[in-house]
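Each chain, letter by letter, is given below.
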Amino acid sequence: VTIPPIRPSDEKESPEMTTGDRVREIMAGLGFSEVISFSFIAPDSADFLGAERESPLRSFVTLLNPLTVDQSVMRTSLIPGLVAAVKTNLSYGEKDLKLFEWGRVFVRKGTDELPQERLVLSCLAMGLANPKEWYREERAVDFYDVKGAAEALLKALGLRDLVFERGETPPWYLKEAASVIRIPDQRLGTVGQLSPEVLKRFDVDALSLYAFEIDGTVLLEKVTGDRT
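Quick notes on the rules
Residues numbered from 1 in each chain as written. Predicted model: local features only at pLDDT ≥ 70, side-chain atom pairs only at ≥ 80, totals over all residues. Heavy atoms only, no water. Helix = DSSP H or I, 4+ residues; strand = E, 2+ residues; numbered from the N terminus. Rg over C-alpha atoms; globule rule 2.2 N^0.38 Å. Buried < 20%, exposed > 50% of the residue type's maximum accessible area, 1.4 Å probe, protein only. Contact = heavy atoms within 4.5 Å. Areas by Shrake-Rupley, 256 points an atom, 1.4 Å probe, with all protein chains shown as cover. Lys, Arg positive; Asp, Glu negative; His and termini not counted. Charge placed at Lys NZ, Arg CZ, Asp CG, Glu CD. Core = buried A, V, L, I, M, F, W, Y, C linked by side-chain atoms within 4.5 Å. Phe/Tyr/Trp six-rings, centres within 6.5 Å; stacked < 30°, edge-to-face > 60°. Lys NZ or Arg CZ within 6 Å of the ring centre and 35° of its normal. Pairing = 2+ DSSP bridges. Salt bridge = Lys/Arg side-chain N within 4 Å of Asp/Glu carboxyl O. Axes fitted to C-alpha atoms, helices over the stretch in contact; angles between N-to-C directions.

A. Broad picture of the overall build of the protein. If you tally the helices and strands in the protein, you get 6 helices and 11 strands. At 19 Å, the protein has a C-alpha radius of gyration in line with the 17 Å of a compact globule built from 228 residues. Principal-axis analysis of the C-alpha atoms places the extent of the protein at approximately 60 × 50 × 45 Å. When each of the 228 residues of the protein is scored for burial, the buried share is 43%. A sequence separation of at least 24 residues applies to 58% of the contacts in the protein between residues at least 6 apart. When the accessible surface of the protein is totalled, it reaches about 13,600 Å², and 51% of it is carbon and sulfur. Between the centroid of the 28 positive side chains of the protein and the centroid of its 36 negative side chains there is a distance of 3 Å.

Laid out in structure tokens, this is it:
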């Protein structure tokens, strides 16, 4: 028995794949589990998120032959898929959750133009941050836990001089419990608590749900220098 000769490929692994693998590794180390949701969602997801009439969240790419109405447009946010995963877990009694997804969103640009595609990292956390032990009391996840996770991720990827400040944030956050994540020359993402109204629209029975989102396209550029 002999092994056939194999010529090694000259092509290197793409920066997107390398960075994606590193992001997944770090997030797993922070206690988050990866979710892979459908790229097709329902058009009323923008209503559930509280998007304004002219919001990019409503710039859907519509499928010509959708299987169902609930999968008739391309997603403009990863949050609906993550909230659906939270809802499923809650139905099975799982209340202590840390979930993330690294994927693409699609925003319609024009009739004869290809949609804009952007990489996004979205994360949700709820339940207990610390279970009750003999040496400590139990503690629920709060804003500072998800802020700390976002900061740990970005620093592990080599980004420094991070700033968390007030600013324009997505409509699904509580305004008084949300921040913009920036580095000196660019906006990286947001972190905050989902509003009770949004949880109610998604029919999620939870007291609080926290999230952070990172613009993966900007992150890729900063980490690898890849501007394609």
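B. The nonpolar core, seen in detail. Ranked by internal contacts, the top residues of the largest apolar core, which has 30 residues, are Met27, Leu121 and Phe212. Those residues in contact with Leu121, other than ones at most four positions away along the chain, are Val23, Met27, Phe100, Glu101, Trp102, Leu153, Phe212, Glu213, Ile214 and Gly216. Counting 29 residues, the second largest nonpolar core, distinct from the first, contains Leu57, Leu82, Met126 and Phe202.

C. Up close: unusual backbone geometry. Despite not being glycine, Asp161 shows a phi value in the positive range, around 55 degrees. Inspection of the secondary structure puts Asp161 in the loop between α4 (143-156) and β8 (163-165). Backbone geometry places Asp203, a non-glycine residue, at a positive phi of 60 degrees. For Asp203, a relative accessible area of 55% corresponds to the exposed category.

D. Seen up close, the packing of aromatic side chains. Overall, the coordinates contain 4 aromatic pairs when judged by the stated rule. With a centroid separation of 5.3 Å and an interplanar angle of 90 degrees, the aromatic rings of Phe143 and Tyr144 are classed as edge-to-face. Under the relative-accessibility criterion, Tyr144 is labelled exposed at 62%. Here the basic side chain of Lys147 rests over the ring of Phe164, its NZ or CZ set 4.4 Å away from the ring centre.

E. The pairing of strand β10 (residues 186-194), seen in detail. With respect to burial, β10 is a largely interior element, 7 of its 9 residues being buried. Where strand β9 (residues 173-183) lies against β10, 7 bridges are found, and the strand directions are antiparallel. Opposite Ile181, over in β10, you have Gly189 as the bridge partner. Connecting β9 to the next strand, β10, in antiparallel fashion are 2 residues. Both β10 and strand β11 (residues 210-215) contribute to a ladder of 5 bridges, which runs antiparallel. Its bridge partner being in β11, Thr190 is matched across the sheet by Glu213.

F. Examining the pattern of salt bridges more closely. Counted according to the given criterion, the structure contains 15 salt bridges. With a closest N to O distance of 3.5 Å, Arg22 and Glu25 form a salt bridge. Of this pair, Arg22 and Glu25 are both found in helix α1 (residues 15-29), 3 residues apart, which corresponds to roughly one turn of the helix. Judged by relative accessible area, which is 52%, Glu25 ranks as exposed. As a salt-bridge pair, Glu101 and Arg75 come within 3.2 Å of each other at their nearest N and O atoms. With a gap of 26 residues between them, Glu101 in strand β4 (residues 97-107) and Arg75 in the loop between β3 (73-74) and α3 (79-91) connect regions that are remote in the sequence. The buried category is assigned to Glu101, whose relative accessible area is 3%.

G. Layout of the sheet that holds β10. Reading across the sheet, the 7 strands line up as β1-β4-β5-β11-β10-β9-β8 and stay open at both edges, with mixed pairing between neighbours. Since the sheet does not close on itself, it has two edges, and those belong to β1 (33-34) and β8, each with one partner. Each of β1, β4, β5 (116-126) and β11 touches α1; the most contacted strand, β4, lies at about 155 degrees to it. Along the sheet, α3 contacts β4, β5, β10 and β11; its crossing angle with β5, the most-contacted strand, is approximately 30 degrees.

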